[in-house]
Amino acid sequence: MKIGFIGLGLMGRPMSLRLLGAGHELSVYNRDAAKSAPLAAAGAQVAASPAALAAAVDVVLLCVSDTAAVAALVFGADGVASGARAGQLLVDCSSIDPAATRDFAARLAQRGARWVDAPVSGGVPGAEAGTLAMMAGGAAADIDALREPLAPLYARLSHMGPVGSGQVSKVCNQMIVGCNALVIAEMVALAEAAGVDAARLPEALAGGFADSKPLQILAPRMAASDFEPPQWTVATLLKDLDLAAALAGELDRATPLAAAARQLMRIFASRDAGARRDPSALVELYRRG
């Protein structure tokens, strides 16, 4: 199967490399053309535009920063929609607004192409290992058709419902991740203040009710003040908490814990270029007092 991949950042690059390694014929596009070079060296074709990429492949995958980026790459000048054709699948692995996703799918359907929203969880380690959790919204037949070609990327691909359901599921995921990251930062700083070696906490809590992947990934980096290079960014997590707040507002539902996490994260993002830092640096909110 010919696959196109748009977005070669922290997640897109290792995902693309896994598809290449599985033997897929891969075309890539990135707005910063320099990021395409490692993929070209690995055997990918580099498309001149999203439209050219779409015209050359069977399935288009996107993994970009936000809703505006998806809109520009799909519906902008020389966007995917310009090169799309009837029966083609677009799979959006970005984390974006569910309502916008439904609108995008309706617009792309006018070209005869179909949309699957399949945001992912697992971070860079999961992308590198091919153990991502994919939460998919779209027609069951379309998602079933993707299971084999996208198998190098995921440990689990769950069909959550119609278009937009994958994005709602990712919002729920990020509410847990955002709150978890902040409480891990709180407990690391508290343990340090109490004279406990916080670096030993992940091992001590492993297998108990407090254990989690964020604990095992973030707590050691927090304890060691090992924040570089960023594996992801506070800006990305804050963007997702903003999506959670918007969805809660649309549905008239209270999400006080996620709202508190969002507020604390926004405070951190406003300090010392905090938005571009790894979430492990959130521990500094509590070390400063």
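Residues numbered from 1 in each chain as written. Predicted model: local features only at pLDDT ≥ 70, side-chain atom pairs only at ≥ 80, totals over all residues. Heavy atoms only, no water.

*Asks:* Help me understand the packing of helix H9 (residues 165-193) against helix H11 (residues 213-224), please; the structure alone is not making it clear to me.
*Replies:* A pair of packed helices is captured by two measures, namely the crossing angle of their axes and the spacing between those axes. Running from N to C, H9 and H11 cross one another at 45°; their axes reach a closest spacing of 10 Å. By the angle between their axes, H9 is oblique relative to H11. The handedness of the crossing between H9 and H11 comes out as right-handed. Mapping the contact onto sequence places Asn180, Ala181, Ile184, Ala185, Met187, Val188 and Glu192 in H9 and Pro214, Leu215, Leu218, Ala219, Met222 and Ala223 in H11. (Axes fitted to C-alpha atoms, helices over the stretch in contact; angles between N-to-C directions. Helix = DSSP H or I, 4+ residues; strand = E, 2+ residues; numbered from the N terminus. Parallel < 35°, antiparallel > 145°, perpendicular 65-115°, else oblique. Left-handed = near helix turned anticlockwise from the far one by under 90°. Contact = heavy atoms within 4.5 Å.)

*Asks:* I'm lost on the pattern of salt bridges in this one. Help?
*Replies:* Pairs can form between side chains of opposite charge whenever their charged atoms are close. Under the criterion given, the structure shown has 10 salt bridges. For the salt bridge of Asp58 with Arg85, the shortest nitrogen-to-oxygen distance reads 3.8 Å. Here Asp58, found in the loop between helix H3 (50-56) and strand S4 (59-62), pairs with Arg85, found in the loop between helix H5 (80-83) and strand S5 (89-92); they are 27 residues apart in sequence, far enough to count as distant. Note on Asp58: relative accessible area 35%, which makes it partly exposed. Judged by relative accessible area, Arg85 falls into the partly exposed class, the value being 34%. Across the pair Asp278 and Arg221 runs a salt bridge whose closest N-O atoms are separated by 3.1 Å. A residue pair is termed long-range when its members are at least 10 positions apart, and Asp278 in the loop between helix H13 (256-269) and helix H14 (284-287) and Arg221 in helix H11 qualify at 57 residues. An identical accessibility class is assigned to Asp278 and Arg221; each is buried. (Salt bridge = Lys/Arg side-chain N within 4 Å of Asp/Glu carboxyl O. Buried < 20%, exposed > 50% of the residue type's maximum accessible area, 1.4 Å probe, protein only.)

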